[in-house]
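# Structure assessment
So the chains spell out like this:
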Amino acid sequence: MSFCLIILAGGNSHRFRSNIGKPYQKIAGKSLIEINIEKALNFKQIKKIIVVYNVKDSKRIKSLKLKNIKLIPGGKNRQQSTCNALKYLKKQKNISKVLIHDA
């Protein structure tokens, strides 16, 4: 069985009250997105990882230099962002299950 992990990181982090969005905050030198990806890579069943990001964070997400990760621009809300990722996945093969994680 092969899984795809969708990490939703397209929010505005309004409640977080920081100039840097929550997914890009560093803990021990790594962003939350990088930590999530690192943990996910420990599972052999996860064959593909997609990060859905907010377009306003384009420079920040690209500066992470994530390898073998598909980046998808998010929508106006969580549902649209999820839909964007699922539309991409619909065209892919060999994925039988989808896991969605809200960063």
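Our subject in this report is the structure included herewith.

Conventions adopted
- Within each chain, residue numbers correspond to sequence positions counted from 1 in written order.
- Local features are withheld for residues below a pLDDT of 70 in this predicted model, meaning they are given only at 70 or higher, and side-chain atom pairs are given and counted only at 80 or more; totals for whole chains, interfaces and linings count all residues.
- To obtain the side-chain values, all non-hydrogen atoms of the structure were used and water was disregarded.
- Whenever Lys or Arg places a side-chain nitrogen within 4 Å of a carboxyl oxygen from Asp or Glu, that contact is recorded as a salt bridge.
- The way it works is that DSSP assigns letters per residue, a run of H or I at least four long becomes a helix, a run of E at least two long becomes a strand, and they are numbered from the N terminus.
- One fewer than the residue count of a helix, multiplied by 1.5 Å, yields its expected span.
- Note on exposure labels: buried denotes an accessible area under 20% of the residue type's maximum, exposed denotes more than 50%, and partly exposed covers the range between, all computed with a 1.4 Å probe on protein chains only.
- Directions from the helix axis toward the C-beta atoms define the arc.
- The contact definition used throughout considers only heavy atoms, calling two residues in contact when any of these lie within 4.5 Å.

Moving on, we get to the pattern of salt bridges. In this structure the tally under the stated criterion is three salt bridges. K30 is the partner of E38 in a salt bridge, and the nearest nitrogen-oxygen pair spans 2.4 Å.

With that settled, consider helix α3 (residues 78-90). Taking 1.5 Å per residue, 13 residues should reach 18 Å; α3 reaches 18 Å between its end C-alpha atoms and fits that length. Within the span of α3, buried status applies to S81, T82, A85, Y88 and L89. Each buried residue of α3 lies within a common arc of 120 degrees when the element is viewed along its axis, so the set occupies one face. Residues Q79, K87 and K90 are exposed on α3 and point more than 90 degrees away from its buried face. Buried residues in α3 make contact with β1 (3-9), β4 (46-53), β5 (70-73) and β6 (97-102).

Another aspect to go through is the environment of K65. Note on placement: K65 falls in the loop between α2 (58-63) and β5. Overall, K65 belongs to the exposed group, its relative accessible area being 67%. Sequence-wise, K65 and E34 are 31 residues apart; in three dimensions their C-alpha atoms are separated by 9.8 Å.

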